[in-house]
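Given next are the chains, with one letter for each unit.
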Amino acid sequence: MSIEAIINIALFVFLGLTAFAILKLRALFAVVMLSAVFSLVSAALLVHLDAVDVAFTEAAVGAGISTVLMLATLALTSRHEKAPTRSQALPLIVVFLTGFALVYGTLDMPRFGDPQAPIQVHVAPKYIADTQSEIGIPNIVTAVLASYRGFDTLGEVTVIFTAGIGVLLLLAAFIREPEGLRVQTMDHHLVLRVVTKVLIGPILLFALYVQFHADYGPGGGFQAGIIFASAFIIYALVFGLENARKAVPGRAVRLLVACGVLLYGGVGFVSFLFGKNYLNYSVLGADQVAGQHLGILLVEFGVGLTVAAVMVSTFYAFAGQNPPIGDEDW
Amino acid sequence: MSALVTDAVSWALLASGSLLVVVGALGLIRMPDFYTRMHAAGITDTLGADLILLGLMVQAGFSLVTVKLLLIAAFLFFTSPTSTHAIANAALTAGLKPRVAERSSAGKGSAAPEGGEP
């Protein structure tokens, strides 16, 4: 057995065990942590499949930000799952039927890694052959994501935008804007404060690197937006929500949520005005490649803006629900 | 010759790093209460991960990969002890008492207090 297969099997066993533990545990705090582990193992699997961009996103979103948001949710609800009151027979049957249908569906799929599979022979060869001449950037994933498949990515950003608006609408009635900006200090958390201060700068710098280096390596707006948001969230966690709101007001963040999508759609509209198809960036620069470069840069920036703003405003909405944690309560 | 030296050094670093991580995992299972478990995992993980990264750096030589690994190592060097500190601190303020050995051997064999859920 090759070492690749052994790694794959080990990771899948981890994945299965984690999923089973998530099912069985009733302590929701542990479940949230295990779901982060699940995401991290998935990310490792994706790295093993050489899908570093996807792995990056999975690690940032699944293991990072959603864990924080779920913990924020737990703080508002209960730490323990209630025992089910109704019979679980029907859900079990539904799950088994769905699983059976899914497994049955995979029988029609081409073998894993089959060179004749539709995914290998449909548009992928064209992307691989033409990216260098048409787009001129080394990372084909970014070229596909932001240019060839720009419509799909616009859809994804709109989904995030809509989800953010939905969360804000649900929680908006309870958002408490700061009254008088009470400054909260956590003096005895000296270690946390110092390390956070040291780390926030590099985290923001790394987010910028991920954002603007996407043409050359794994990264892009989605991952960078998450990393950007995590820097603000860690600040809010350690220095208090009031201080974070002073640095980045909730109103400004909510404005940025819309700005990102607007920038993405606007870039498409500009190419519209030049008489080309929507989201055809070729007209933006002196020649095709320069235009594509500029278009991808702007579009990725729009993605990063919306993702970061949605994450920060969602965190604000959640964290603003309960009274700030007092010094004595820690 | 130099390749042999590089390999030997990096293997030594990787092996000692892995050993530390395994020791940490063992301590996490075997230690009696929350704080000693934190102690086992927190200390060995920092050095273990950094040793493994150092071993990888030796393999990578003078390249951009080494710089990136160096940054990751620095990040872990700061965050790993900090998170251990934060967790232990949170547990203590949440009221979880460290398990202290009794003078007599009364505490021996009694049910170990569950770590985790404060």
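Residues numbered from 1 in each chain as written. Chains lettered and ligands numbered in written order. Predicted model: local features only at pLDDT ≥ 70, side-chain atom pairs only at ≥ 80, totals over all residues.

This part covers the packing of helix 2 (residues 28–48) of chain A against helix 3 (residues 52–76) of chain A. Geometrically, a packed helix pair is captured by the angle between its two axes and the distance between the axes. All names here are of chain A. Where helix 2 contacts helix 3, the axes come no closer than 7 Å and their chain directions differ by 175 degrees. Considering the angle they form, helix 2 stands roughly antiparallel to helix 3. Residues Leu-28, Phe-29, Val-32, Ala-36, Ser-39, Leu-40, Ser-42, Ala-43, Leu-46 and Val-47 of helix 2 pack against Val-52, Val-54, Ala-55, Glu-58, Ala-59, Gly-62, Ala-63, Thr-67, Met-70, Leu-71 and Leu-74 of helix 3. A class-by-class count of the residues in the contact of helix 2 with helix 3 yields 16 nonpolar, four polar and one charged. (Axes fitted to C-alpha atoms, helices over the stretch in contact; angles between N-to-C directions. Helix = DSSP H or I, 4+ residues; strand = E, 2+ residues; numbered from the N terminus. Parallel < 35°, antiparallel > 145°, perpendicular 65-115°, else oblique. Contact = placed C-beta atoms within 7 Å. Nonpolar A, V, L, I, M, F, W, Y, C, P; charged D, E, K, R; others polar.)

This part takes up the nonpolar core. By size, the foremost hydrophobic cluster in this structure holds 55 residues, and its most contacted members are Ala229(A), Met311(A), Val312(A) and Phe315(A). With 15 residues, helix 13 (residues 288–319) of chain A is the single largest residue contributor to this core. Taken domain by domain, this core gets at least three of its residues from each of domain 1 (1–109) and domain 2 (112–330) of chain A. The contacts of Val312(A), once residues within four sequence positions are left out, are Ala229(A), Phe232(A), Ile233(A), Val248(A) and Val253(A). Counting residues in hydrophobic clusters, the runner-up holds seven residues, among them Leu13(B), Leu51(B), Leu53(B) and Leu69(B). (Core = buried A, V, L, I, M, F, W, Y, C linked by C-beta atoms within 7 Å. Buried ≥ 20, exposed ≤ 12 C-beta atoms within 10 Å, placed from the backbone. Domains from an automatic or database assignment.)

Right, let's get into the environment of Gly201(A). All names here are of chain A. Tracing the backbone through its elements, the reader meets Gly-201 in helix 9 (residues 190–212). The exposure class assigned to Gly-201 is exposed, which follows from the 10 C-beta atoms found within 10 Å. Sequence separation between Gly-201 and Pro-249 is 48 residues, and the spatial gap between their C-alpha atoms is 19 Å.

Attention shifts here to the environment of Asp114(A). Among the structural elements, Asp114(A) can be located in the loop between helix 4 (89–106) and helix 5 (118–121). It is 46 Å that separates the C-alpha atoms of Asp114(A) and Leu170(A), two residues lying 56 residues apart in sequence.

A word on helix 13 of chain A. The end-to-end C-alpha separation of helix 13 of chain A is 46 Å, in line with the 46 Å expected for 32 residues at 1.5 Å each. Along helix 13 of chain A, 24 of the 32 residues are buried, which leaves the element largely enclosed by surrounding structure. (Expected span 1.5 Å × (residues − 1).)

Negative phi values dominate among residues other than glycine, just as trans dominates among peptide bonds. All names here are of chain A. A positive phi angle, close to 70 degrees, is found at Asp-50, a residue other than glycine. As for its position among the elements, Asp-50 is in the loop between helix 2 and helix 3. Exposure remark for Asp-50: the 8 C-beta atoms within 10 Å place this residue in the exposed category. In this structure, Leu-279 is a non-glycine residue whose phi angle is positive, near 65 degrees. With respect to the secondary-structure elements, Leu-279 resides in the loop between helix 12 (250–273) and helix 13. Assessed through the 23 C-beta atoms surrounding it within 10 Å, Leu-279 is described here as buried.

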